[in-house]
Amino acid sequence: MNLAHEKTILKFPELIGSDFLVETLNGQRVKYLNLDNAATTPTFKAIYHKLEVLLCGYGSIHRGSGIKSQISTAIFEESISIILRFLGVTPTDYAVIFTQNTTSAINKLSRMLMLSTDDIIFVSEFEHSANDLPWRKGARIVRIPADSNGQLDLDYLDTSLKNEKCGRKLVAISGASNITGALTPIHEIAVCAHAHNAHLMIDAAQLVAHREINLLGNQSAEQIDFISFSGHKMYAPFGGGVLIGRRDLIEKMVPDDIGGGSVDFVTHDTYDLAADLMKRSTAGTSNVIGLVSIALACEILKDFPFELKKVASNAIDASHSISRNIAEGYCRRSLREYLNLLNVALGSSGEFHSCYESFRAAKQITESDYRRLDELHYKVENELLRLIESLQKKQVSGEWMEHFDFPEGE
Ligand SMILES: Cc1ncc(COP(=O)(O)O)c(C=O)c1O
């Protein structure tokens, strides 16, 4: 089965249940509006259709030799590669451990690390309890506060990491907080953690469906060592999650569960753990459909231009800010303030220009629309420059006073 997804453009992919009707108190039936995506997202329609096909050839993975078992095993393994590709890394460097959700992924990591009270886990003060409670079970916790802007206080993290000299250190931080919405600079945190011999785990439950993530596998200082997320928050059905980690680190850990599928050889007295890291770390039969649906969601999300969505709102902000600054400047009492605001408007005009250039590069606008925007942009920019220049001349020649004298109350 081909797991690849047809490329989408700016329109968000279709969701199942978007035409679901509910009865209101006055007896009217209206479309259900889901405002609870941070908890659980609806499902991408495309995933559902692909899974319908997959279920026809569904069988036991990694165990049987029948054709359905072979098909399912191949799809399961392809799914792992897709998930890693989505995160910009390869199976040579990273291993995927399939779990039930983010909570079970973090619990699993905490067990596999076999923490002791010498070990220190650095979490932020704005973590979900899934990334706080599991660490309390053995290690010591240091909580990093947010600064006055609600962002992780990186200086505090740096100093705390420096001050802790013994035991193993792990920084466990959410990439996007479910409490404050703060986005954390995951690669800056990685550089800070690695500079103090600590490892980094990113709880990406809230990040994965909203931002492009690259684990930067080959850039040691900035790379993310572990990451976890859940399918049900990224438009994938059938409940599943992942713990993904650097192979060299997982190889040194002892699996927390043991049983069928996680060993290659068993006698009454001994057993050999499976050479394959994923098999070794997930005893028993995995939820194949859960993992495949995560891979399918990755395929859809990777084509959804989140960056362009951001560019679109930047373009709107920039175009509003040009006119707002001109109007505000006009009402100012000082020539200097007026000039400052006009210069800000000029900056917004430049930002607007880079926005529509991005749309052109991504082939999201027609050439004729691009030319119209370009003409408009140059017209606005030239007018702004002309105005700024003429005011500067007046300022130099003293033709226009520095402060406008309005009678009080006007
Ligand atoms: C930031 C964050 N981490 C972890 C979780 C736990 O996710 P799950 O319930 O899928 O284990 C959530 C759920 O809301 C979350 O928002």
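Quick note: structure is the one above.
Definitions and limits used
- Going along each chain's sequence as written, the residues are numbered from 1 onward.
- The model is predicted, so local features are restricted to residues of pLDDT at least 70 and side-chain atom pairs to those at 80 or more, both for listing and for counting; the totals for chains, interfaces and linings are taken over all residues.
- The rule is simple: place the C-beta atom from the backbone, and if it lies within 6 Å of a molecule or strand, the residue is near it.
- Note on residue categories: nonpolar means Ala, Val, Leu, Ile, Met, Phe, Trp, Tyr, Cys or Pro, charged means Asp, Glu, Lys or Arg, and polar means any other residue, Gly included.
- For two strands to count as paired, DSSP must find a minimum of two bridges between them.
- Runs of E in the DSSP output that reach at least two residues are strands. Runs of H or I that reach at least four are helices, and both are numbered from the N terminus.
- Axes, fitted as lines to C-alpha atoms, cover a helix only where it is in contact. Angles between the N-to-C directions of the axes lie from 0 to 180 degrees.
- Working rule for helices: expected span equals 1.5 Å times residues minus one.
- Three exposure classes are used, based on other C-beta atoms lying within 10 Å of a residue's own C-beta, which is placed from the backbone: buried for 20 or more, exposed for 12 or fewer, and partly exposed in between.
- Here the contact rule is simple: place C-beta atoms from the backbone, and any two residues whose C-beta atoms are within 7 Å are in contact.
- Note on terminology: a nonpolar core is any set of buried Ala, Val, Leu, Ile, Met, Phe, Trp, Tyr and Cys residues joined through C-beta atoms within 7 Å.
- An angle below 35 degrees is treated as roughly parallel, one above 145 as roughly antiparallel, one from 65 to 115 as roughly perpendicular, and anything else as oblique.
- For any helix crossing, the convention is left-handed if the near helix is rotated counterclockwise from the far helix by under a right angle, and right-handed if that rotation is clockwise.

A. Main features of the site of the ligand. If you check the shell around the ligand, you find 15 residues, and the closest are Asn101, Thr103, His128, Asn178 and Ser230. Across the shell around the ligand, the residue classes tally to three nonpolar, 11 polar and one charged.

B. Up close: the sheet that holds strand β7 (residues 199–203). On the basis of which strands lie adjacent, the open sheet formed by seven strands has the order β3-β9-β8-β7-β6-β4-β5 and mixed pairing. Edge positions in the sheet fall to β3 (94–99) and β5 (140–144), since each of these pairs with one other strand and no more. Taking the axes of each pair of neighbouring strands and ignoring which way they run, one obtains an average angle of 20° across the sheet. Pairing between strand β4 (residues 120–124) and strand β6 (residues 169–174): four bridges, direction parallel. Residue Phe122 lies in a different strand from β6, and its bridge partner there is Val171.

C. Quick look at helix α10 (residues 335–361). Given a rise of 1.5 Å per residue, 27 residues ought to cover 39 Å, and the 39 Å separating the end C-alpha atoms of α10 matches this to within 8%. Every buried residue of α10 is listed here: Tyr338, Leu341, Leu342, Ala345, Ser348, Ser349, Phe352, Cys355 and Tyr356. Among the structural elements, α9 (306–330) and α11 (367–397) are those in contact with the buried residues of α10.

D. How the structure looks around the nonpolar core. Counting 79 residues, the largest nonpolar core has Ile83, Val96, Val171, Leu200, Ile227, Val242 and Ala297 as its most contacted members. With 11 residues, the single largest contributor to this core is helix α8 (residues 288–303). Apart from the residues lying within four places of it in its own chain, the contact partners of Ile227 are Leu87, Ile202, Ala204, Leu215 and Ile244. Counting 12 residues, the second largest nonpolar core, distinct from the first, contains Tyr338, Phe352, Tyr356 and Leu373.

E. Quick peek at the packing of helix α1 (residues 45–54) against α8. The geometry of α1 relative to α8 is characterised by a closest axis approach of 10 Å and an angle of 140° between their N-to-C directions. On the basis of the axis angle, α1 is oblique to α8. Crossing geometry of α1 relative to α8 is assigned as right-handed. Every residue of α8 that contacts α1 at Ala46, Ile47, Lys50, Leu51 and Leu54 is listed here: Ile289, Val292, Ser293, Leu296, Ala297 and Ile300. Tallied by class, the residues present in the contact of α1 with α8 amount to nine nonpolar, one polar and one charged.

F. Expanded view of the pairing of strand β10 (residues 263–266). One ladder, built from three bridges, connects β10 with strand β11 (residues 271–273); its direction is antiparallel. Opposite Phe265, over in β11, you have Asp272 as the bridge partner. Taking the residues that link successive antiparallel strands as the turn, the β10-β11 hairpin has four residues.

G. Quick peek at the environment of His194. Here His194 lies in helix α5 (residues 186–195). Considering only alpha carbons, one finds His194 and Leu170, 24 residues apart in sequence, at a separation of 9.7 Å. Setting aside its immediate chain neighbours within four residues, His194 contacts Ser220 and Ala221.

H. Representation of the packing of α10 against α11 within the structure. Relative to each other, α10 and α11 sit at 160°, their axes nearing to 10 Å. Relative to α11, the element α10 is oriented roughly antiparallel. Our pair here, α10 against α11, has a crossing hand that is left-handed. Counted together, Leu335, Tyr338, Leu339, Leu342, Asn343, Ala345, Leu346, Ser349, Phe352, His353, Tyr356 and Arg360 of α10 and Tyr370, Leu373, His377, Val380, Glu381, Leu384, Leu387, Ile388, Leu391, Gln392 and Gln395 of α11 form the full contact between these two elements. Across the contact of α10 with α11, the residue classes break down as 15 nonpolar, six polar and two charged.

I. Seen up close, the pairing of β7. When you tally the buried positions in β7, you get four out of five residues, the bulk of the element. Pairing between β6 and β7: five bridges, direction parallel. Note that in β7 the partner of Val171 across the bridge is Leu200.

J. Region of the structure containing α9. Taking 1.5 Å as the rise per residue, α9 with 25 residues should run 36 Å; its terminal C-alpha atoms sit 36 Å apart, in good agreement. Restricting attention to buried positions, one finds in α9 the residues Val311, Ala318, Ile322, Asn325 and Gly329.

K. Just the environment of Leu15, in detail. Mapped onto the elements, Leu15 comes out in the segment before β1 (21–23). For Leu15, a count of 17 C-beta atoms within 10 Å gives the class partly exposed. On a C-alpha basis, the gap between Leu15 and His49 in space is 12 Å, while along the polypeptide they are 34 residues apart. Sequence-distant contacts of Leu15, that is, excluding residues within four places in its chain, are made with Pro42, Thr43, Phe44, Lys45 and Tyr235.

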